[in-house]
Structures are given as C-alpha cells and as structure tokens.
Amino acid sequence: MDQIRRAPAPRPGPAEPDVAAVWVWRLVREPFIAVTWRRTVYAVLALPVGVVCVPLGLAGLPAGRWQRELVRRLLGAELAGGPGAGLSHALVALPLNLVSAVVTVYGWSIVPMNLGWPLRAGGDPSDAWGGPTYAGAWTFHAIVGGLGFLLLMPWVVRGLTALQLRLARLVLA
C-alpha cells in the first residue's frame, strides 16, 4: 500500500496584519490625533493670515515670513523663499484659502450640530430624516451627520491642506 506524503503543518509565525482592520483603525483614530487638528487650524488660519499679508507685502514688509512660519508650525514643512514671494502667495492662495476655511468650518460644525440635534430650535421629528419618532430622528442625525462627518472631515481637511501646501511650495519656495 502506498503511503501518502503529507506536507508538514505550517508553523505559527508572526501574523500578517489584516488590511481591512488597519484601514478601519486608521479611519476611526484620525479625528483624534494632533496632526488632524493642526491641519484644521491651518485651513482656518491661512485665510486671515493671507489677508493680513497682502497689505504687509504691498508695504514691503516680510509677509512671506508669516506664511512660511504658519506652514512650518502647523504643517511641518520647511520652506525657503525670497522677499517678494509673500505678496504673490497671499494673492494667489486667497481663493483656495477661502474655500478651505469655509469648508473646514462648516464641515466640522456639522458634527456637534447633529450630535446635539434635539437641542436645535424647531426640531420637529415628524418631518425630520429618521422620523417620525424623536428617537429615530436623533439617531439618524447623530449617526449620519455627527459620526459620519466626524470620520469624513479629517480626510477632507487633509486634502485641502495638501493643496494649500503644494501651492505654498510652488510660490513661497
């Protein structure tokens, strides 16, 4: 009778990370890390700093230094630049900074607004999403608007600040 050769049993070794679990963990932790909040602060502050840098640049003052320092402190990128780059960056980046500030402030404000849906004035659950019950409307707003935007906004802000950083590297450096 022929003997059947069996392959040796695999030895236990280091487990390979589950890719889906890594992505879920990254998605869930992103709103709670410091880098996300530094990017958020940059997306909001770049607009007023840029507006202030326009008259500073026109007066011949070092407007680029303010903008490079903001990029360095909040985005962690070192930019070297010339004296006239500050005014040109302030003017060119103004539309992007405006869009970034509006989207960032509005997007992050949706999180507490929906988590605290019952506290809003005129919160009639009969015609609200998730209604007609009060609990259904609150649950829907908290999950979709509150937690949904809590998980979405770090990635939106990351994309906006990546565009802002790319523009700063092109113009300021």
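Residues numbered from 1 in each chain as written. Predicted model: local features only at pLDDT ≥ 70, side-chain atom pairs only at ≥ 80, totals over all residues. Heavy atoms only, no water.

## Here we look at the packing of aromatic side chains
Going through the model one piece at a time under the given rule, you end up with 1 aromatic pair. Look at Trp37 and Trp108: their rings are 4.6 Å apart centre to centre, the planes differ by 35°, and that puts the pair in the tilted class. Of this pair, Trp37 sits in helix 2 (residues 34-58) while Trp108 sits in helix 5 (residues 94-115); the two residues are 71 residues apart in sequence, bridging distant segments of the chain. Since its relative accessible area comes to 38%, Trp37 is described here as partly exposed. (Phe/Tyr/Trp six-rings, centres within 6.5 Å; stacked < 30°, edge-to-face > 60°. Helix = DSSP H or I, 4+ residues; strand = E, 2+ residues; numbered from the N terminus. Buried < 20%, exposed > 50% of the residue type's maximum accessible area, 1.4 Å probe, protein only.)

## Let's talk about empty space enclosed by the protein
Taken as a whole and assessed by the stated rule, the structure comprises 1 cavity of 30 Å³ or more. Roughly 70 Å³ of internal volume is contained in the largest cavity. Contributing elements (two or more residues each) for the lining of the largest cavity: helix 2, helix 3 (63-75) and helix 6 (134-171). Grouping the constituent residues of the lining of the largest cavity by class yields 7 nonpolar, 4 polar and no charged. (1 Å grid on protein atoms, 1.4 Å probe; cavity = no way out; pocket = protein on both sides within 12 Å on 5 of 7 lines; lining within 4 Å. Points joined across faces, edges and corners; volume = space filled by probe spheres on them. Nonpolar A, V, L, I, M, F, W, Y, C, P; charged D, E, K, R; others polar.)

## Examining the packing of helix 2 against helix 3
It is the contact of helix 2 with helix 3, at a shortest axis distance of 9 Å, that shows an interaxial angle of 175°. It follows that helix 2 is roughly antiparallel to helix 3 by the angle criterion. Counted together, Arg38, Arg39, Val41, Tyr42, Leu45, Ala46, Val49, Val52, Cys53, Leu56 and Gly57 of helix 2 and Ala63, Trp66, Gln67, Leu70, Val71, Arg73, Leu74 and Leu75 of helix 3 form the full contact between these two elements. (Axes fitted to C-alpha atoms, helices over the stretch in contact; angles between N-to-C directions. Parallel < 35°, antiparallel > 145°, perpendicular 65-115°, else oblique. Contact = heavy atoms within 4.5 Å.)

## Some remarks on helix 2
For helix 2, which comprises 25 residues, the first-to-last C-alpha distance of 35 Å matches the rise-based estimate of 36 Å (1.5 Å per residue) to within 8%. Bending of helix 2 peaks at approximately 35° at the position of Leu45, with proline Pro48 no more than four residues after it. Of the residues trailing helix 2, Gly60 is marked for its positive phi of about 85°. (Expected span 1.5 Å × (residues − 1). Bend = angle between axes of the 7 residues up to and from the residue.)

## Some words on the nonpolar core
Residues Tyr42, Cys53, Leu70, Val71, Leu79, Ala168 and Leu172 are the most contacted members of the largest nonpolar core, which totals 17 residues. If you list the elements that add at least two residues to this core, you get helix 2, helix 3, helix 4 (85-92) and helix 6. Counting residues per element, this core draws most heavily on helix 2, which supplies 6 residues. Leave out the neighbours within four places in its chain, and Cys53 touches Ala63, Trp66, Gln67 and Ala90. Formed by 5 residues, the second largest nonpolar core is a distinct cluster that contains Trp108, Leu150, Met153 and Val157. (Core = buried A, V, L, I, M, F, W, Y, C linked by side-chain atoms within 4.5 Å.)

So, to be careful, I would describe these as geometric facts and stop short of saying anything about function.
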